[in-house]
Amino acid sequence: LGDVYKRQVKEILDMAQRFAVARMLSEGKSYTEITRQTGMSAATISRVNRCLKYGTGGYQTALQRLDGEEEQKGGKSERWKVTIPPGGARRASCPG
């Protein structure tokens, strides 16, 4: 059970990292800037970017919902603040 829990936590952290990258890409930040801030590889950033442009809209939907929650609370919500450790996610997949 311990290994299953560790994998689930890792998957949640990886997903949070990819959403942080998706937000940065949607804000127009460069791959170089995102890599510097997150430690994620250009390949992972590229996969997230491809999902944003050609995926089913999962990232956009989630980001819009998160933005809506932040607006209702009167600003940026600390609840969705993600601290990204160096190394980043191993492989990104398109949500939605």
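Quick note: structure is the one above.
Below, the structure is looked at part by part.

Below, the discussion takes up the packing of aromatic side chains. Applying the stated criterion to the full structure yields one aromatic pair. With 5.0 Å between their ring centres and 70 degrees between their planes, Phe19 and Tyr59 make a pair best called edge-to-face. Here Phe19, found in helix H1 (residues 2-26), pairs with Tyr59, found in helix H4 (residues 58-72); they are 40 residues apart in sequence, far enough to count as distant. Grouping residues by exposure puts Phe19 and Tyr59 together as buried.

Right, let's talk about the environment of Leu25 for a bit. When you line up the elements, Leu25 lands in helix H1. Its relative accessible area of 14% is what places Leu25 among the buried residues. With 23 residues separating them in the primary sequence, Leu25 and Val48 have C-alpha atoms 8.6 Å apart. Setting aside chain neighbours within four positions, we find Leu25 in contact with Tyr31, Ile34, Ile45, Val48, Asn49 and Leu52.

With that settled, the discussion passes to the nonpolar core. One recurring pattern in soluble globular proteins: nonpolar side chains tend to sit buried together. Among the nonpolar cores identified, the biggest contains 14 residues, and Val21, Ala22, Leu25, Ile34, Ile45, Val48 and Tyr59 are the most heavily contacted of them. At the level of secondary structure, the elements contributing two or more residues to this core comprise H1, helix H3 (42-54) and H4. Excluding anything up to four places from it in sequence, Ile45 contacts Val21, Leu25, Tyr31, Ile34, Thr35 and Met40.

It is worth spelling out the packing of H1 against H3 at this point. Between H1 and H3, the least distance of the axes is 10 Å, while the angle of their chain directions is 65 degrees. When the axes of H1 and H3 are compared, the pair comes out roughly perpendicular. Judged by the twist between their axes, the crossing of H1 over H3 is right-handed. Where H1 abuts H3, its residues Arg18, Val21, Ala22 and Leu25 lie against Ile45, Val48, Asn49 and Leu52.

This part is about the environment of Asn49. Structurally, Asn49 is set in helix H3. When the C-alpha atoms of Asn49 and Ser26 are compared, they prove to be 8.9 Å apart, with 23 residues separating the residues in sequence. Discounting residues that sit within four places of it in the chain, Asn49 has contacts with Leu25 and Tyr31. For Asn49, the side chain forms a polar contact with the side chain of Tyr31, separated by 3.2 Å.

Let us look at H1. With 25 residues, H1 extends 36 Å from end C-alpha to end C-alpha; this agrees with the ideal 36 Å at 1.5 Å per step. Every buried residue of H1 is listed here: Asp14, Gln17, Arg18, Phe19, Ala20, Val21, Ala22, Arg23, Met24 and Leu25. Following H1 by one or two positions, Gly28 adopts a phi angle in the positive range, close to 85 degrees.

Criteria and thresholds
- Residues numbered from 1 in each chain as written.
- Predicted model: local features only at pLDDT ≥ 70, side-chain atom pairs only at ≥ 80, totals over all residues.
- Heavy atoms only, no water.
- Phe/Tyr/Trp six-rings, centres within 6.5 Å; stacked < 30°, edge-to-face > 60°.
- Helix = DSSP H or I, 4+ residues; strand = E, 2+ residues; numbered from the N terminus.
- Buried < 20%, exposed > 50% of the residue type's maximum accessible area, 1.4 Å probe, protein only.
- Contact = heavy atoms within 4.5 Å.
- Core = buried A, V, L, I, M, F, W, Y, C linked by side-chain atoms within 4.5 Å.
- Axes fitted to C-alpha atoms, helices over the stretch in contact; angles between N-to-C directions.
- Parallel < 35°, antiparallel > 145°, perpendicular 65-115°, else oblique.
- Left-handed = near helix turned anticlockwise from the far one by under 90°.
- Polar contact = N/O pair within 3.5 Å; in protein donor to acceptor, adjacent residues only side chain to side chain.
- Expected span 1.5 Å × (residues − 1).

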